[in-house]
Amino acid sequence: MIKQFIAGIAAAVFSLSAAMAQMLPPPSVAAKSWVLLDANSDQIIAAQDADLRIEPASLVKLMTAYLTFEAIRDKKLDVNQSVNVSVNAWKVDPSSSKMFIEPNKPVTINNLLYGLITDSGNDAAVALAEAVAGTEDAFVVLMNREAERLGMKATSYSNAHGLPSSENYSSARDLSELCYRLITDFPDFYKTYYSVKKFTYNNITQPNRNRLLWLDPTVDGMKTGHTSSAGFSLITSAKRPIPGGERRLIAIVIGTTSDQVRTQENQKLLNWGFQNFDAVKLYTKGQAIDNSDVWKGSQGKVKVGFNHDVYVTVPRGSAAKIKPVLTRNDPLIAPIAQNSKVGTLKITFDGATISELPVVALEQINQASVFGRAWDSLRLMLK
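Residues numbered from 1 in each chain as written. Predicted model: local features only at pLDDT ≥ 70, side-chain atom pairs only at ≥ 80, totals over all residues. Heavy atoms only, no water.

J.: Could you clarify how one ought to interpret the overall build of the protein chain in this entry?
T.: Tallying secondary structure elements over the protein chain gives 12 helices and 16 strands in all. Taken over C-alpha atoms, the radius of gyration comes to 23 Å for the protein chain, in line with the 21 Å a tight globule of 383 residues would show. Pairs at least 24 apart in sequence give 66% of the contacts found in the protein chain among residues at least 6 apart. Total accessible area on the protein chain stands at roughly 17100 Å², and carbon and sulfur atoms take up 51% of it. Positive and negative side-chain charges of the protein chain, numbering 41 and 36 respectively, have mean locations separated by a distance of 4 Å. (Helix = DSSP H or I, 4+ residues; strand = E, 2+ residues; numbered from the N terminus. Rg over C-alpha atoms; globule rule 2.2 N^0.38 Å. Contact = heavy atoms within 4.5 Å. Areas by Shrake-Rupley, 256 points an atom, 1.4 Å probe, with all protein chains shown as cover. Lys, Arg positive; Asp, Glu negative; His and termini not counted. Charge placed at Lys NZ, Arg CZ, Asp CG, Glu CD.)

Right, here's the structure in full:
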């Protein structure tokens, strides 16, 4: 039920309307495609060619990390366990990024994750794939299955590291959703691994290639990607304080001409998003937005709302133009399970729909007695 609910949220999120884009044109960004996502609301603030098929290069490693975090969460792996390094992992393209693991020298999952994320090690990617699934080929099957589950319709994987392959492709939109899910599904792992500026293994110290970790103290991740054919890509996430909490943006810049350009264009997007948009908190997790009528139930009303905080992203100072409209799945007939969908909240801005979210029952409603059910059946017939 929880997975279905999360999938429903992901499928229901809209980009900001064309009317809003006209009110506040986005900056010019020197990239093949780009997306700016507000992680508080899971709304795309602005984008250019978000669905263009792109070569992800080392951005593939985001999915490799996601699946590894899943395996640790599900207790299939432990961060402190050591695994043997296969020849297959060791001999990965020697001219590419590596953390320099060696055959017959066991390495911990923890170190492999630092090698994957900080060093962008292709050898670490293969070693983790083998630790999770036995072989890299089996891991690729899991990667594609997970991409489908997450709604990444424009994505295909053929390896765990992102070295060039005609079957490795994605889009800025898909990558924004993957990054959002990685941060929200595994916040502790994200905090532990993605903000690390340098890592030493085998007496070799390598810096994180995400230069914004040094230039912007609010940036705490995510990933770089580069091949000669893909160009220079960069995904970053930054968290800055807002009244009553914090706000996170995720910027995806694909296919720039240099490391310097991807860094400055990414910083440009983050600053523009924070300066010109507000994430307005509409509802708190567990807050009842309506007491809805229930038929054939042990009680006549059910509290409905969300099991997560609800934010909406709009141009700064324009929150008064937000209008939420609840549509219930009437008649609501018991039994009603807690967290089951009972309606939809449509959120409009200046008359245009910007989001539709599933509304759930905040409590369980059991069936009424036989007499109570019969009485409500009669009432429904006469209604």
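Once the structure has been displayed, the description carries forward.
J.: Even after reading the chapter, I still don't get the environment of Phe 371, so can you show me in this structure?
T.: If you trace the backbone, Phe 371 turns up in helix α12 (residues 370-382). In this structure, the C-alpha to C-alpha distance between Phe 371 and Thr 108, residues 263 residues apart in sequence, is 63 Å.

J.: Hey, could you run me through the packing of helix α5 (residues 109-117) against helix α6 (residues 122-133) in this one?
T.: The angle between the axes and the distance between the axes are what describe a pair of packed helices. Where α5 contacts α6, the two axes come as close as 8 Å, and the packing angle between them is 140°. On the basis of the axis angle, α5 is oblique to α6. Our pair here, α5 against α6, has a crossing hand that is left-handed. Residue-level contacts link Ile 109, Leu 112, Leu 113, Gly 115 and Leu 116 of α5 to Ala 124, Ala 125, Ala 127, Leu 128 and Ala 131 of α6. (Axes fitted to C-alpha atoms, helices over the stretch in contact; angles between N-to-C directions. Parallel < 35°, antiparallel > 145°, perpendicular 65-115°, else oblique. Left-handed = near helix turned anticlockwise from the far one by under 90°.)

J.: I keep staring at the sheet that holds strand β11 (residues 288-293) and nothing clicks. Help me out?
T.: Strands belonging to one sheet form pairs held by backbone hydrogen bonds; the direction of such a pair is parallel or antiparallel. Overall, antiparallel pairing links the 5 strands, which are arranged β11-β12-β16-β15-β14 in an open sheet. What marks the edges here is a single partner per strand, and that holds for β11 and β14 (322-328). If you compare each strand with its neighbour and ignore which way they point, the axes differ by 30° on average. As paired elements, β14 and strand β15 (residues 341-349) share 7 bridges and run antiparallel to each other. Each bridged residue has a counterpart across the sheet, and for Ile 322 the counterpart in β15 is Phe 349. (Pairing = 2+ DSSP bridges.)

J.: Can you walk me through the nonpolar core in this structure?
T.: The tendency in soluble globular proteins is for nonpolar side chains to be buried side by side. Of all hydrophobic cores here, the largest spans 63 residues; its most connected members are Met 63, Phe 69, Leu 112 and Tyr 194. For this core, the leading source of residues is helix α3 (residues 61-73), giving 8 residues. Here Phe 69 is in contact with Leu 113, Ile 117, Leu 182, Phe 186, Phe 189, Tyr 193 and Tyr 194, once residues within four sequence places are set aside. (Core = buried A, V, L, I, M, F, W, Y, C linked by side-chain atoms within 4.5 Å. Buried < 20%, exposed > 50% of the residue type's maximum accessible area, 1.4 Å probe, protein only.)

J.: Would you explain the pattern of salt bridges in this entry?
T.: Think of it this way: side chains of opposite charge can pair up when their charged atoms draw near. One pass over the structure, following the stated rule, counts 17 salt bridges. Put simply, Asp 259 and Arg 211 hold a salt bridge, and the shortest N to O gap is 3.5 Å. With Asp 259 in helix α11 (residues 259-276) and Arg 211 in the loop between β6 (204-207) and α10 (212-215), this residue pair connects regions lying 48 residues apart in the sequence. A relative accessible area of 34% places Arg 211 in the partly exposed class. Where Glu 246 meets Lys 239, a salt bridge forms, and the shortest distance between an N and an O atom there is 3.7 Å. Accessibility expressed as a relative area gives 47% for Glu 246, which makes it partly exposed. (Salt bridge = Lys/Arg side-chain N within 4 Å of Asp/Glu carboxyl O.)

J.: Just to check I follow, could you spell out the packing of aromatic side chains for this structure?
T.: When we look at a pair of aromatic rings, we describe it by the centre distance and by the angle of the planes. Tallying each qualifying case throughout the model produces 11 aromatic pairs. The interplanar angle of 55° and the centroid separation of 5.7 Å between the aromatic rings of Phe 69 and Phe 186 together place this pair among those described as tilted. Of this pair, Phe 69 sits in helix α3 while Phe 186 is found in the loop between α8 (172-185) and α9 (187-193), placing the two residues 117 residues apart along the sequence. Neither Phe 69 nor Phe 186 differs from the other in exposure class; each is buried. Ring centres of Phe 69 and Tyr 193 lie 6.1 Å apart, and the angle between their planes is 20°; this geometry places the pair in the stacked category. (Phe/Tyr/Trp six-rings, centres within 6.5 Å; stacked < 30°, edge-to-face > 60°.)

J.: Looking at this structure, how should I read the packing of α3 against helix α7 (residues 136-149)?
T.: The contact between α3 and α7 brings their axes to 10 Å, and the two run at 95°. By the criterion of interaxial angle, the relationship of α3 to α7 is roughly perpendicular. In this structure, α3 contributes Met 63, Thr 64, Tyr 66, Leu 67 and Glu 70 to the contact, and α7 contributes Phe 139, Leu 142, Met 143, Glu 146, Ala 147 and Arg 149. Grouping the constituent residues of the contact of α3 with α7 by class yields 7 nonpolar, 1 polar and 3 charged. (Nonpolar A, V, L, I, M, F, W, Y, C, P; charged D, E, K, R; others polar.)

J.: Looking at this structure, I do not really get the sheet that holds strand β8 (residues 231-242). What am I missing?
T.: Judged by pairing direction, the sheet is antiparallel, and its 5 strands sit side by side in the order β2-β1-β9-β8-β7 without closing on themselves. The outermost strands of the open sheet, each flanked by one partner alone, are β2 (43-48) and β7 (219-227). Strand after strand, the sheet turns through a mean of 10° between neighbouring axes, direction not considered. Inspection of the sheet shows strand β1 (residues 33-38) paired to strand β9 (residues 245-256) by 6 bridges, in the antiparallel sense. Within β9, the position partnered with Asp 38 by the bridge is Leu 249. Relative to β9, α8 is tilted by about 145°, and along the sheet it contacts β1, β2, β7, β8 and β9. Sitting on the sheet, α11 is in contact with β1, β2, β7, β8 and β9, with an inclination near 30° to β8.

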